[in-house]
Amino acid sequence: MTLQLPAKARIYAPRGAALELLRNHDGELMLDGPAGTGKSRASLEKLNALAEKYPGSRHAIVRKTRASITETALVTFEQHVKPRCDTANQQRRVRQSYVYPNGSEIIVAGLDNPVKLMSSEFDTIYVMEATEATLNDWEFLTTRLRNGNMPYQQLFGDCNPGAPSHWLNRRMQAGMTTRLLSRHTDNPRLYAADGTLTEFGRSYLGRLDKLTGPRRERLLFGKWAAAEGMIYTDWREDVHHIDPFPIPPDWRRFLSIDFGFIHPFVCGWWAISPDGAMYLYREIYMTRRTVYDHAQTIKAHSAGEWYEAIVTDHDAEDRATLEQVLGQQTTPADKRVLSGIQAVQERLNPLEGPKPRLYVMRGSLVERDPALVDSETGLANGPTCTVEEIDGYVWDKKPNGETLKEKPVKQGDDGMDMLRYAVMYANNNGRPMFGVALEGTR
């Protein structure tokens with residue numbers, strides 16, 4: 001086998017937190033900072049350097065889902081880090097590992113299918129976008145650090161800040177994971193060595209500056225920030241956002257839909273367990289497609305599934321289109337806003353019973369809308385799915401700044417409307433007599 005080696009030497013000059021990452025030997029380490037500080041590049045450079053330095057060492061690039069690594073970490077690794085190993089023997093989407101001439105290996109794995117991780121031992125594991133992982137994921141990975149071909153073993157990752165209550169932030173605050181604060185000045189693409197902004201840096205930071213609410217605080221300033229006046233304060237990423245599991249065939253199922261074209265069309269596939277808990281297990285969140293197109297997508301992804309109802313917004317023409325394509329009557333949603341908000345809150349934090357009664361499965365989005373993502377920064381301009389709306393769903397304010405706790409801000413709330421419709425339906429309806437299995441191909 002002929003290895004593809006770099007044609008000429010490359011230059012990587014880390015600074016700030018990136019340099020500290022390369023030097024640090026702590027057992028758990030996190031590069032924490034806003035978007036675009038060079039966190040992923042630094043992390044991949046560390047993996048490559050360790051694989052070169054310690055023959056026979058084993059390392060891993062990990063993210064919540066394997067599919068999300070292909071066009072992120074692997075592109076950076078092959079095009080910028082440029083490891084001295086074969087990068088052409090597999091396509092990125094099916095790549096299993098990178099094998100070095102000295103016997104070192106870097107495997108690629110997703111936490112959605114952790115078989116390779118469960119059966120292997122490593123010297124270091126890099127977790128990309130660690131806020132996507134759960135505490136159980138993180139603690140599981142610590143048990144895989146026992147290869148012993150390096151003087152130390154390390155679990156490290158990078159993250160953009162999230163909500164202050166996130167388990168990762170709490171873990172760093174407790175000192176269990178070392179926090180390295182990564183800043184925009186660490187990235188030579190944004191700031192020259194003399195501290196002045198580059199042309200690309202001005203453009204990139206200008207785009208981040210246009211973000212609003214907690215997304216701006218997190219991605220521009222690197223703060224673990226919650227939105228002021230947040231409505232669903234009981235939402236917890238580590239409790240309500242769960243790993244997917246097969247829905248038992250005897251569970252109730254229904255669809256909840258909020259129409260849109262310029263604003264997103266949102267369709268949620270919901271299942272209700274025998275004890276009454278609700279699970280969002282599939283979702284469309286898409287702009288600039290017709291209701292007819294969405295109906296075809298719904299039909300294709302619902303092959304063989306039985307739904308007791310299709311709960312929708314009230315537009316008569318859009319409902320008629322759905323009914324024609326799906327072959328089932330729609331049910332007009334209960335659109336009461338304050339009653340719906342209260343119903344959602346009660347499911348997130350029930351007064352009776354030890355567990356919440358509302359959950360969203362990770363990876364439920366059918367397709368990410370490219371129109372909602374900035375082509376230059378690669379970051380979403382706003383929410384791209386229902387979960388991303390939650391911490392930006394806030395109460396409106398009076399001109400004097402006083403919070404109006406009876407009127408939500410009508411912006412970026414299409415998924416929140418769909419969510420309310422679903423909860424109001426589930427709370428007020430028993431099992432209907434009739435339903436339909438939608439035909440199509442998955």
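The preceding data block contains the structure.
Counting of residues starts from 1 at the beginning of each chain's written sequence and follows it residue by residue. With pLDDT at 70 or above as the cut-off, local features in this predicted model cover only qualifying residues; side-chain atom pairs require 80 or more to be listed or tallied, and sums for whole chains, interfaces and linings still use all residues. Working from all heavy atoms in the structure, the side-chain values ignore hydrogens and water.

Moving on to the pairing of strand β11 (residues 278-286). Taken residue by residue, a regular strand's side chains alternate between the two faces of the sheet. With nine of its nine residues buried, β11 lies for the most part within the structure. Looking at chain direction, strand β10 (residues 265-272) and β11 are connected through eight bridges and run antiparallel. Counterpart to W269 in the pairing with β11 is R282. At least two bridges found by DSSP between two strands are what make those strands a pair. Per the convention used, a helix needs a DSSP run of H or I reaching at least four residues, while a strand needs a run of E reaching at least two, with both numbered from the N terminus. Counted between consecutive antiparallel strands, the loop separating β10 from β11 contains five residues, among which G276 sits at a positive phi close to 90 degrees. The buried label goes to any residue with under 20% of its type's maximum accessible area, the exposed label to any with over 50%, and the partly exposed label to all in between, with areas taken from a 1.4 Å probe on protein chains only.

The salt bridge definition used is simple: a Lys or Arg side-chain nitrogen within 4 Å of an Asp or Glu carboxyl oxygen. One pass over the structure, following the stated rule, counts 30 salt bridges. One salt bridge connects E52 with R84, and the closest N-O pair in it is separated by 3.1 Å. Highlighted residues: E52 in helix α2 (residues 39-53) and R84 in the loop between α4 (73-81) and β3 (97-99), separated in sequence by 32 residues. The partner of R253 in a salt bridge is E305, and the shortest N-O contact between them spans 3.5 Å. Here R253 is found in strand β9 (residues 252-258), whereas its partner E305 is found in the loop between α11 (291-301) and β12 (306-307), with 52 residues between them in sequence. We note that R253, like E305, is buried. Residues participating in the shared-partner salt-bridge network are K64, D137, D243 and R362.

Where empty space is left can be seen by rolling a probe of water-molecule size over the atoms. Cavities and pockets are found on a 1 Å grid laid over the protein atoms alone: a cavity is a set of points where a 1.4 Å probe fits but cannot escape, a pocket is an open set with protein on both sides within 12 Å along at least five of seven lines, and a lining residue has an atom within 4 Å of such a point. Grid points are joined across faces, edges and corners, and a volume is the space filled by probe spheres set on the points. Using the criterion set out here, one finds two cavities of 30 Å³ or more in the structure. As a volume, the largest cavity reaches approximately 70 Å³. Secondary-structure elements contributing two or more residues to the lining of the largest cavity are α13 (337-348), β15 (358-361) and α14 (386-390). Ten residue types, Ala, Val, Leu, Ile, Met, Phe, Trp, Tyr, Cys and Pro, are classed as nonpolar, four, Asp, Glu, Lys and Arg, as charged, and the remainder, Gly among them, as polar. For the lining of the largest cavity, the per-class residue count stands at 10 nonpolar, one polar and no charged. A volume near 50 Å³ is recorded for the second largest cavity. Lining the second largest cavity are I284, Y285, M286, R289, H294, T297, V366 and E367. If you list the elements that add at least two residues to the lining of the second largest cavity, you get β11 and α11. The element best represented in the lining of the second largest cavity is β11, accounting for three residues. Its residues assigned to classes, the lining of the second largest cavity shows four nonpolar, two polar and two charged.

Spatial strand order, β3-β4-β2-β5-β6-β1-β7: seven strands in an open sheet with mixed pairing. Each edge of the open sheet carries a strand with a single partner, namely β3 and β7 (178-181). Sheet twist, expressed as the average angle between the axes of neighbouring strands with direction ignored, equals 15 degrees. Pairing between strand β1 (residues 28-32) and β7: four bridges, direction parallel. Along β7, the bridge assignment pairs L29 with T178. What makes two residues a contact is simply this: any of their non-hydrogen atoms within 4.5 Å. Whenever a helix is involved, its axis is fitted only over the stretch in contact; in every case the axis is a line through C-alpha atoms, and angles between N-to-C directions fall within 0 to 180 degrees. Along the sheet, α2 contacts β1, β2 (58-63), β4 (105-110), β5 (124-127) and β6 (154-159); its crossing angle with β6, the most-contacted strand, is approximately 155 degrees. Sheet contacts for helix α6 (residues 135-142): β1, β2, β5 and β6; angle to β6, the most-contacted strand, approximately 150 degrees.

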